[in-house]
Amino acid sequence: MCFALFGIQIVWALQNANTTRIFQTLGADVAALPALWIAGPITGLIVQPIVGHLSDGSRSRFGRRRPFLIAGGLLTALALLIMPNAATLWASVAALWLLTASNNISMDPARALVADNLPEAQRARGYAIQVFFIGAGAVFASSLPWALVNWFGVSGTAAPGALPPAVRYAFYIGSACLLLSVFWTAASTHERPVSLAAAPPGGRQPDAPVDRPAHPASGRFLALAGAGLLLVAIVLRWRWEVLVLGASALMIGAGQMAAAWRRARGADALGLLQIGEDYAHMPAALKRLALVQFFTWFALFTLWIYAAPTVASRYYGSSDPASAAYSAAADWVGILFAAYNGVAAIGALALPALAARIGERRAYALCLLCGAAGMAGFVLAPGAEWLWVAAAGIGIAWAAILSLPYAIIVNAVPAGKVGVYLGIHNIFLVVPQLVAAICLGAAVQHLFGGQPAPALALAALFLGAAALAALAIPASRS
């Protein structure tokens, strides 16, 4: 049931470790990287809530989750073949959009399978097992270019403007592994009957009217704030990422208002507007978790963008993406990413016991503090060889980030709403990445003198703030 996450995480790991390298190879400036990475946050913002809602209500004879899992896997495998062969920067950006949108189609159903098929007492362990496969996939994918160069003699260098063969072959291998893992889970996992998996304890079906119709005021405030931000951004010609953030707030607020309007007129079914109503009725645990995720995913987005240029400039003495030193640094970052994912894969198996002993909130906060120390280590380590220690700290945090929030969510929401609330939760992962995309480029260019290392120091502070916020998450179902 969890094996699909092995292939899905191969995709994310190849993207995280190599996208900056691909963009810079095709001529991207370091200050432009956050804007070019924006595909992931935007597609996650749109795709996962819709897929979650649709799969919650699906009545396909093939199951609720599996059709979406397979469709997303096929599209993602195609994108993995396209991206390393892009001839221009904008072609690679377009391929990244296809890659992230497709993988998000698979991600939400893969997560929801655990909640659908396991009783509440076993869900934390189920998500820990998912993290094991996530970590294993990331270790495999992050180290692929290095292994192809050092073990199989594939060239790790190329002419200016071209990707090394090792990177291209890594994407091809990742495509095959993704298809294998997704089809294995789809073929070997039998979903519970819809009547058992979808009906919440009170008997209300997922799209039936709620007991407390959403008041339109909260949606009105969010819509007005988004419209105001959108208007100001257009008038003052702010960065286009600000337009996306404003449009997102406007869309969510308008959805809440429309859902409340339809309910007030006696509508029993809302279609996609149901997402707006569900957003308005989030349990308290999800609201508190949103703040934790803001700090967490701002920090992670920063790491993925600036790890390679930071290690190259600080420890290898090169800022030129065409140089052999930069290529070696990028390969080393891939190994470090593999290391933190390996730590996460093993550490996740111990998390249920730790959470049972000291509580989920304290375990979550402790792990995030380890991640903050790891982020700081990327800047403060005396040499490149010490970055193993920093990667281990990030891996401990990554184990908690990928498991504990999902156990908290599925135990706090109705059984028939798991898919849509996992998708809504993804909004709280996306918004901080949008904010980071807006702020980081300007910060690196104007505040940090074009140096990427201070951005990782800022990420360490944000993970520390996330650890404090985790202690405020309600301990029981809200």
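The numbering scheme is per chain: residues are counted from 1 as the chain's sequence reads. Totals for whole chains, interfaces and linings use every residue, but because this is a predicted model, local features are given only for residues with pLDDT of at least 70 and side-chain atom pairs only at 80 or more, for both listing and counting. The basis for the side-chain values is all heavy atoms of the structure; hydrogens and waters are excluded.

Only centres within 6.5 Å qualify two rings of Phe, Tyr or Trp (six-membered ring in Trp) as a pair; their planes then separate them into stacked at under 30 degrees, edge-to-face at over 60, and tilted for everything else. Taken as a whole, this structure holds 17 aromatic pairs when the rule is applied. Through a chain of ring-to-ring contacts, three or more aromatic side chains come together here, namely F3, F6, F132, F133 and F140. Looking at R111, its charged tip hangs above the ring of Y406, at a distance of 3.8 Å from the centre. Whether a charge lies above a ring is judged from NZ of Lys or CZ of Arg, which has to be within 6 Å of the ring centre and within 35 degrees of the ring normal.

As a further point, take the environment of F152. On the secondary structure map, F152 appears in the loop between α6 (120–150) and α7 (165–188). Relative accessible area decides the class of each residue, using a 1.4 Å probe on protein chains only: under 20% of the type maximum gives buried, over 50% gives exposed, and in between gives partly exposed. A residue is classified by how much of its surface remains accessible, and F152, at 62% relative accessible area, is exposed. Spatially, the C-alpha atoms of F152 and L224 are 57 Å apart, while their sequence positions differ by 72 residues. Working definition: helices are DSSP H or I runs of at least four residues, strands are E runs of at least two. Numbering for both runs from the N terminus.

What follows covers the confidence of the model for the chain. Per-residue confidence from the predictor is given as pLDDT, running between 0 and 100. Mean pLDDT for the chain: 84, with 92% of residues reaching 70 or above. Contacts were defined at the residue level, with two residues in contact if any of their heavy atoms lie within 4.5 Å. Across residues 196–211, confidence stays below pLDDT 50; counting only partners more than four residues off in sequence or on other chains, it has 36 contacts.

A word on a nonpolar patch on the surface. The patch calculation keeps residues exceeding 30% relative accessible area without a salt bridge and links them within 9 Å when they carry like charges or within 5 Å when they are nonpolar (Val, Leu, Ile, Met, Phe, Trp, Tyr). All accessible-area figures derive from a Shrake-Rupley calculation using a 1.4 Å probe, and residue coverage is judged against the displayed protein chains alone. Within this document, salt bridges are pairs made up of a side-chain nitrogen of Lys or Arg and a carboxyl oxygen of Asp or Glu, the two lying within 4 Å of each other. Together, I46, I50, L54, M251 and L272 line one region of the surface with nonpolar side chains, adding up to about 420 Å² of accessible area. Considering each element in turn, the nonpolar patch owes the most residues, three residues, to helix α3 (residues 39–56). Along the chain, I46 falls in helix α3. Accessibility expressed as a relative area gives 40% for I46, which makes it partly exposed.

It is worth spelling out the nonpolar core at this point. Nonpolar cores were defined as sets of buried Ala, Val, Leu, Ile, Met, Phe, Trp, Tyr and Cys residues, with membership established by side-chain atoms within 4.5 Å. Among the nonpolar cores identified, the biggest contains 152 residues, and F23, L303 and F378 are the most heavily contacted of them. A per-element tally of this core places helix α12 (residues 284–315) first, with 19 residues.

The full count for this structure, using the stated rule, is five salt bridges. Among the ionic pairs, R65 bridges to D116, the shortest N-O distance being 2.7 Å. Of the two residues, R65 sits in the loop between α3 and α4 (66–82) while D116 sits in helix α5 (residues 89–117), which places them 51 residues apart along the sequence. In this structure D116 comes out as buried when scored by relative accessible area, which is 4%. Here D278 and K417 are joined by a salt bridge, their closest N and O atoms 3.0 Å apart.

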